[in-house]
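Structural features, examined
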Amino acid sequence: MEFNDFKALVIANRSCRRFDASRAIEHQELADLVDLARQTASAANMQPLKYVTCRDPETNQQIYDCLGWAAYLKDWKGPEESERPAGYIVILGDTSVASKFWCDHGITSQTMLLGARAMGLGGCIFASINKKKLKDILQIADHLEVMLVVAIGTPVETAVIDPINPGDSIKYYRDESQVHHVPKRKLEDILIRSW
């Protein structure tokens, strides 16, 4: 893969919050994404992360109810039933393997989203989670800590990056056509020194 192809994949990989719920996710698609996560870097190579995947509609509804959707979109309570994700991947930290998980869950969740985008899917990473309720629903053992939830599905929304100047708002928003705008700082505003 050429750099420009990879850069295009990264740019296309925006958080997706509206999906085509009629397009089911296959077990193998979710398993393939977890397999990508399995092969990513891990602090001290401890590999303490475990995963639960779900594509069952009834359980998906229960997972959905545990998540906080789009905090900056104050008038939006989350996607309509026809626009909800068809699958979820719950990332767990196994405290019997390690006491700290460093940034492993961030690395794996981003890798899975890049993989999903390469498969023609989209997704969103959730840290706003009712973890106790989710553990009860999924019958997750006490030694496993809920780290993140990744929603996966076929996107039905368009997201674009808007360059911003210092002092501009970083809050994402939707325009009147329901295009999702993601403000990003310019390279010259974040690359503060090159030796």
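The coordinates are above.
Notes on the structure in this doc start here. (Residues numbered from 1 in each chain as written. Predicted model: local features only at pLDDT ≥ 70, side-chain atom pairs only at ≥ 80, totals over all residues. Heavy atoms only, no water.)

Okay, the side chain of Asp162 next. Among the structural elements, Asp162 can be located in strand 5 (residues 159-164). Among buried charged residues, Asp162 stands out as having no salt bridge; its nearest opposite-charge side chain is Arg14, 10 Å away. Reaching out from Asp162, the side chain makes a polar contact with the side chain of His181 at a distance of 2.7 Å. (Helix = DSSP H or I, 4+ residues; strand = E, 2+ residues; numbered from the N terminus. Buried < 20%, exposed > 50% of the residue type's maximum accessible area, 1.4 Å probe, protein only. Lys, Arg positive; Asp, Glu negative; His and termini not counted. Salt bridge = Lys/Arg side-chain N within 4 Å of Asp/Glu carboxyl O. Polar contact = N/O pair within 3.5 Å; in protein donor to acceptor, adjacent residues only side chain to side chain.)

Turning our eyes to something else, we now look at the sheet that holds strand 7 (residues 180-185). Pairing is mixed in the open sheet, where three strands are placed in the order 5-7-6. Single-partner strands in this sheet number two, and they are strand 5 and strand 6 (173-174). Pairing geometry for strand 6 and strand 7, over two bridges, is antiparallel. When the sheet's bridge partners are listed, Tyr173 is paired in strand 7 with His181. (Pairing = 2+ DSSP bridges.)

Listing the buried residues of helix 5 (residues 131-138) in full gives Leu134, Lys135 and Leu138. Along the long axis of helix 5, the arc covered by the buried residues comes to 100°, so they all point the same way. In helix 5, the exposed residues that point more than 90 degrees away from the buried face are Lys132 and Asp136. In this fold, the buried residues of helix 5 make contact with strand 1 (49-54), helix 3 (57-64), strand 2 (87-94) and strand 4 (144-153). Count one or two residues on from helix 5 and you reach Gln139, which has phi positive near 55°. (Arc of directions from axis to C-beta. Contact = heavy atoms within 4.5 Å.)

What follows deals with the nonpolar core. Among the nonpolar cores identified, the biggest contains 23 residues, and Ile63, Leu67, Tyr88, Phe126, Leu134 and Val149 are the most heavily contacted of them. For this core, the secondary structure elements donating two or more residues are helix 3, strand 2, strand 3 (122-126), helix 5 and strand 4. At four residues, strand 4 tops the list of elements feeding residues into this core. Leu67 has contacts with Tyr88, Phe126, Ser128, Ile129 and Val149, leaving out every residue within four places of it along the chain. Judged by nonpolar contacts, the second largest core, of 18 residues, contains Met112, Ala116, Leu121 and Val150. (Core = buried A, V, L, I, M, F, W, Y, C linked by side-chain atoms within 4.5 Å.)

A few words on the packing of helix 1 (residues 3-12) against helix 4 (residues 104-118). Between helix 1 and helix 4, the shortest axis-to-axis distance is 9 Å and the interhelical angle comes to 105°. As summarised for this structure, helix 1 and helix 4 are arranged roughly perpendicular, according to the angle between their axes. Every residue of helix 4 that contacts helix 1 at Phe6, Leu9, Val10 and Ala12 is listed here: Leu114, Arg117 and Ala118. Residue composition of the contact of helix 1 with helix 4, by class: six nonpolar, no polar and one charged. (Axes fitted to C-alpha atoms, helices over the stretch in contact; angles between N-to-C directions. Parallel < 35°, antiparallel > 145°, perpendicular 65-115°, else oblique. Nonpolar A, V, L, I, M, F, W, Y, C, P; charged D, E, K, R; others polar.)

Bringing the packing of aromatic side chains into the picture now. In the structure shown here, the tally under the stated rule is four aromatic pairs. A centroid spacing of 5.3 Å and a plane angle of 40° characterise the contact between Tyr64 and Trp69, whose relative ring orientation is tilted. A relative accessible area of 9% places Trp69 in the buried class. One aromatic cluster in this structure is built from Tyr64, Trp69, Trp76 and Phe126. Its end group placed over the ring of Tyr64, Arg84 keeps NZ or CZ at 3.8 Å from the ring centre. The ring centre of Trp76 lies 4.2 Å from the NZ or CZ of Arg174, which sits over that ring. (Phe/Tyr/Trp six-rings, centres within 6.5 Å; stacked < 30°, edge-to-face > 60°. Lys NZ or Arg CZ within 6 Å of the ring centre and 35° of its normal.)

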